[in-house]
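Next come the chains, spelled out residue by residue.
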Amino acid sequence: MGRDPPVVTVTPPRPAVDAPAGPAGGGPGPVARVLRAVPVPLALIVMIALAGVVLGRVYADPLLTRLTAGAAVGSVLVSVATRRLPSWLVAPLSVAALAGWALLSLRLAAAHAALPGGLGEVAADAARNAIPRLLTAMIPVEPAPDTVLVPVVAAWLAGLAAAEVALRAGRVLLGYLPPVLLYAGALYVVGPNAGPAVGPTVLFAAVAAIGLAAPGGRADPAGADPVAGLAPAVRAAVRLRLVAAGAAGVAVVVALAALLAPVVAGQVDDRPVDPRRYVEPPQVESLDENPLIRISGWALNPDQKLLDVRTEAGATQAGPPRIRLAVLSDYDGVTWRVGATYRNAGRILPAAEPAGGTATDPVRQEITVADLTGRLLPAVPTPREVSGARVAYDPATGTLIRPEGLAPGLRYTVASVREQPDVNLLSTANVPAGDAVARVLRVADGAPEQMRRLATQLAEENGAPYARGAAIADFLAEHYRVTADAPSGHAYPNLAFFLFGPRNGGGQRGTSEQFAASFAVLGRLAGLPTRVVVGFEPKADGPVRAADAYAWPEVLFEGVGWVPFDPMPRPDEEPRPVEEDFRPKPEDPPPSEVPAPTVEPTATPPAAAAPDPRGGQAGPGTPVLVGGGAGGLVLLLGALLLTLAALRRNLTRSRLAQGDPGRRIAGAWRELTDALRLAGHPAGADLTAAEVAAFARRTLAEAQAADGGPADVTADRPGGAVDELAGLLNQVGFAPGSVTTEQAERAATLAGGYVSALRGARARWRRLLWRVHPGPLRWHR
């Protein structure tokens, strides 16, 4: 009863010595968690940004590198910020952010390239043409909307995929795959256009290794050994297996390194493949491939307004400088062609150092397009900056095109550097030789012998290259006449007729087309590298009309560059006869050198004819002779007409049914042009196929109207179907081998329908004469 109550002793808890100091008493603090989470996202950002650094080496300035770095940061941070959201929601949010960054990038690039138009127009154009323009752009590439869109989008998508795999799924090594592919793609696009990317590649590998070595964000808070709870024997076996697996992995890596190292080392010095070789650069239209043939058409319409030019800097007292449209370096004996390789360029064009001793003048012009068509963009040589129009540039010739084509009202500004070679160096300058200039020295097969002899004569009398060029120019200027109505053409037969044809028969006269082409061919025959240039020579600022169109030749000299020559006659000089300074060698010996025929004496004189015993009374009478002669003439005429009709049928059959499809389509076109000549309306030799088709439609409509019938010009009737035939002919000329047998049969049907319609609109007796007219048998021969 007197017992004391029990005493309860409370012992305070002892603090855990090994417990980490954290908010929950066992987990890492906020700083520790941040440090664990940073290395992998940072590694992904740096790896993707390095891909932009590698690609930026072929760009003109660092804008692309900055934009791709921004895409890397934005894509990875979006994934980090949305890590606690469901995975299906991350992709739409990231794509929305991508759209915003892409629009901002396009706006910055458009402002940098000074491109006209609103953001929507620029974005739509970049989306349509980004990939082809990126692979056809000139090196160095100017950052523009269409050349930055693909790298920016690719960098963002690589960051999104890498962050989701490495951070959300915790598979860091697999998450490296998108940045590695992006980096490899950047190296492939750069190709041989930049030096080896050794520094960025080493840094790329180092950053990847750091990301793998850093502790992941999902570390075990307790930091316990994963096999700590196993029995000692089991724990030892598991650890042994882990060591064996690690050793096997190291052995496999070493074996692969030893096997692949020689192969990789052998590829170090190889030239990388340029992907641009697989992409066709912008092309000129068929009309622009040989603009030399447009000279005669412009000469016949001298008042046609082609351009409007305002020279802001560089004009001289002699007026605005000469404007260049195209450079023609290739000649096959029939046609001079541009043959240039155009690459998409930005506002700033690559500059080439002028030859030593060459003076340069800056020229700045504002040009507005009027009636000039095609894609060739006129500019004073050599252009350095173009604003107001998207252009493609050929650095070998210094010429421009607008891939979208010219349009009335197009206004652009060109800043050029006009080169003026030192004339004191020309008299002693030599001309280059070798493979580098073989293109401008090539003489096509079939050069007329008279042209060869004339070139030889002028070269023998003038030894120095510049003296040879001056002699050819003086010969042309002194012996030939300029006329606006000369027919177009600069094939070997055309040039031979221009140089040696009879003056009273249309020879020895032409436009600047024949003068420039003749100089270029004679120059090559004399060993000079030549080319033909087409452009304009305006008399003053303001409208540039068709009368200002002009073609001139140029010769390449070592240490000087391309030098223009002027073979045009002086307006106040009367041309001298060609025979005064050049007399072709006769093909046959003169009559005095032809040996007289010898007559062998006969053994016995011929016997005299015996007198007719009938006294000449048995011959046929005069009426019989007259009737027989008349009948014979009728039979002969009938046989001739039947022969002509048969020959005409055979000619038509051979044109339309024999040969390959291209030859049959060309034959159908000849049937059409022959029909126009038979109708008394021959098509001009200087007209293109489309112009001939328009002329044929008008001719048929006028003939049918004169005959009292309706005009037959709809697309499904003969008058309108000539446009389709003209298109087939252009396809044969500019895409040989692409036409089919069905197209050839279609061409024969179109030509036959048009010929029948045009013949049916003629008078009855003219229809009969049409079938036996001998003209088509000798035309086109």
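Structural notes, computed from the coordinates. (Residues numbered from 1 in each chain as written. Predicted model: local features only at pLDDT ≥ 70, side-chain atom pairs only at ≥ 80, totals over all residues. Heavy atoms only, no water.)

**Things to note about helix H18 (residues 661-678)**
Its 18 residues place the ends of H18 26 Å apart at the C-alpha level, agreeing with the 26 Å of an ideal helix rising 1.5 Å per residue. In terms of burial, H18 is a largely internal element, 15 of the 18 residues being buried. Just beyond H18, the residue with positive phi is Gly680, at close to 85°. (Helix = DSSP H or I, 4+ residues; strand = E, 2+ residues; numbered from the N terminus. Expected span 1.5 Å × (residues − 1). Buried < 20%, exposed > 50% of the residue type's maximum accessible area, 1.4 Å probe, protein only.)

**As for the packing of helix H2 (residues 39-55) against helix H6 (residues 145-168)**
Each pair of packed helices can be summarised by the angle the axes make with each other and by the distance between the axes. Close contact between H2 and H6 brings their axes to 10 Å; oriented N to C, the two are set at 155°. Here H2 is positioned roughly antiparallel relative to H6, judged by the angle of their axes. Considering the relative orientation of H2 and H6, their crossing is right-handed. Only Pro151, Ala155, Ala158, Gly159, Ala162, Ala163, Ala166 and Leu167 of H6 make contact with H2, whose side of the interface consists of Val40, Pro41, Leu44, Ile48 and Leu55. Class assignment for the residues of the contact of H2 with H6 results in twelve nonpolar, one polar and no charged. (Axes fitted to C-alpha atoms, helices over the stretch in contact; angles between N-to-C directions. Parallel < 35°, antiparallel > 145°, perpendicular 65-115°, else oblique. Left-handed = near helix turned anticlockwise from the far one by under 90°. Contact = heavy atoms within 4.5 Å. Nonpolar A, V, L, I, M, F, W, Y, C, P; charged D, E, K, R; others polar.)

**Observations regarding the pattern of salt bridges**
Counted by the stated rule, this structure contains 25 salt bridges. Among the ionic pairs, Asp288 bridges to Arg294, the shortest N-O distance being 3.8 Å. In this pair, the class of Asp288 matches that of Arg294, namely buried. As a salt-bridge pair, Arg746 and Glu724 come within 3.1 Å of each other at their nearest N and O atoms. Highlighted residues: Arg746 in helix H21 (residues 741-760) and Glu724 in helix H20 (residues 718-734), separated in sequence by 22 residues. (Salt bridge = Lys/Arg side-chain N within 4 Å of Asp/Glu carboxyl O.)

**Points about the packing of aromatic side chains**
Under the definition given, this model contains twelve aromatic pairs. Here the aromatic rings of Phe557 and Phe565 are separated by 6.5 Å at their centres, their planes lie at 35°, and the arrangement is tilted. Summarising the burial analysis for this pair, Phe557 and Phe565 share the class buried. Members of the aromatic cluster, joined through ring pairs, are Tyr466, Phe519, Phe557 and Phe565. (Phe/Tyr/Trp six-rings, centres within 6.5 Å; stacked < 30°, edge-to-face > 60°.)

**Thoughts on the side chain of Arg468**
Within the secondary structure layout, Arg468 lies in helix H14 (residues 465-479). Within the buried set, Arg468 has no salt-bridge partner at all; the shortest N-O distance to an opposite charge, 11 Å, is to Glu558. (Lys, Arg positive; Asp, Glu negative; His and termini not counted.)

**Considerations on the environment of Pro321**
With respect to the secondary-structure elements, Pro321 resides in the loop between strand S1 (305-313) and strand S2 (323-328). For Pro321, a relative accessible area of 3% translates into the label buried.

Distances and angles like these do not, on their own, reveal function.
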